[in-house]
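Working through the structure, step by step
Given next are the chains, with one letter for each unit.
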Amino acid sequence: MRIDTYRPEHSAHIPDTPDIPHIVTMDRTNAVSVALQKGGVGKTTIAINLAERLAARGDDVLLVDLDQQGNATEGVGLADAYEADVHLGHVLDDDDPTTPGDVIRPAAGETEFDVLPGHKDLDTVADTIRNTRFAELWVRRRIVEPLVEDGYDRVVIDSPPNLGPLSDASLIATQNVIVPLQMAEPSVSGFERMYTQQIVPIDREVGIDIAAIVPNKLSGDNEEKRIIGDLEDSEFGEYLPEFARSDQFGVSPGPGIRERISFRRAWREGVPLATYDPDSDMLDRLDELAAVVQDGGVTDA
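All values derive from a computational prediction rather than experimental measurement.

Each value, and the rule that gives it
- Residues numbered from 1 in each chain as written.
- Predicted model: local features only at pLDDT ≥ 70, side-chain atom pairs only at ≥ 80, totals over all residues.
- Heavy atoms only, no water.
- Helix = DSSP H or I, 4+ residues; strand = E, 2+ residues; numbered from the N terminus.
- Rg over C-alpha atoms; globule rule 2.2 N^0.38 Å.
- Buried < 20%, exposed > 50% of the residue type's maximum accessible area, 1.4 Å probe, protein only.
- Contact = heavy atoms within 4.5 Å.
- Areas by Shrake-Rupley, 256 points an atom, 1.4 Å probe, with all protein chains shown as cover.
- Lys, Arg positive; Asp, Glu negative; His and termini not counted.
- Charge placed at Lys NZ, Arg CZ, Asp CG, Glu CD.
- Arc of directions from axis to C-beta.
- Polar contact = N/O pair within 3.5 Å; in protein donor to acceptor, adjacent residues only side chain to side chain.

1. Some thoughts on the overall build of the protein
The helix and strand tally for the protein stands at eleven helices and eight strands. At 18 Å, the protein has a C-alpha radius of gyration in line with the 19 Å of a compact globule built from 301 residues. C-alpha extents for the protein along the principal axes are approximately 55 × 45 × 30 Å. In the protein, which comprises 301 residues, the proportion classed as buried is 56%. Residue pairs at least 24 apart in sequence account for 78% of intrachain contacts in the protein once pairs closer than 6 positions are excluded. As displayed, the protein has an accessible area near 12400 Å², and 43% of this comes from carbon and sulfur atoms. Charge centroids of the protein, computed over 27 positive and 57 negative side chains, lie 4 Å from each other.

2. As for helix 4 (residues 122-130)
Inspection of helix 4 places L122, V125, A126 and I129 among the buried residues, and these make up the whole buried set. Around the axis of helix 4, the buried residues are gathered within 100 degrees of arc, so they sit on the same side. The elements touched by buried residues of helix 4 are strand 2 (61-65), helix 3 (88-91), helix 5 (138-149) and helix 6 (165-174).

3. Side note on unusual backbone geometry
Among all residues except glycine, the phi angle is most often negative; among peptide bonds, the trans geometry is most common. Across the junction of S252 and P253, the peptide omega takes the value 10 degrees, indicating a cis bond. Tracing the chain through its elements places P253 in the loop between helix 8 (222-233) and strand 8 (257-258). With phi around 65 degrees, F134 is a residue other than glycine that occupies positive phi space. By the secondary structure assignment, F134 is in the loop between helix 4 and helix 5. Residue Q175 is not a glycine yet carries a positive backbone phi of 50 degrees. Within the secondary structure layout, Q175 lies in the loop between helix 6 and strand 6 (176-181).

4. Description of the side chain of R245
Within the secondary structure layout, R245 lies in the loop between helix 8 and strand 8. From its side chain, R245 meets the backbone oxygen of L240 in a polar contact 3.2 Å long.

Function-wise, these values are silent; they only describe arrangement.
Next up, the structure:
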């Protein structure tokens, strides 16, 4: 499901040049970023629980926290790693011998997946990437490619909720993105910015797929219905999973990933939803999203 529509003339972050170093071909179902240039949309919740559902389906999974806030790290019971002496920044340093294996830790909870934790110094990493030519490739070259080669079936990256070097690096690393989207205009505007300023320029240079657009944190109102309908009628309608379409408004509990207090309580306990509330009615939908990743995108839109 390649993007081949509007092409802006330039981007503030991705160089519009033909000399980007060659990227090793990788099956894009192996890695996915969860990203939107708008905070508060439940991005980290999707990333954590997508990693857990992929692991529940039998994959060896690594969750990478590239968000400077470290919410995914805290949400899987690894809050102490956010201030650890050895961290992700060392892995991305040319002059440091630290390897991903020195930093990776198991997540809390009953289903096993691994985590490359975020860290308070990721802002420093972002500044280094911003000022170093082709440094947007570091996450791919030093984390995603070698760890997939070493045996991880899936790498899920929780991207920063902003336009910048780390979010660029995340999208380039995976060439595959899931967009969690609240059905409200600020969230839609965040997607429009990400699409024109990141996805399209990255696609032009190295290629990128939208695996899915996921209406998230829905509570049920006419505005949500309108925006889902608008998405279905747009060029992006093909990226809505079956559980996220407007025909689900007539079926309980309604379309998308619904607002549930158990998501917040699970994060507070430092475990995925399946550990905190194994009977949640949202687990089937998260499992369907995991299947979308394994299949390489929405196949029946």
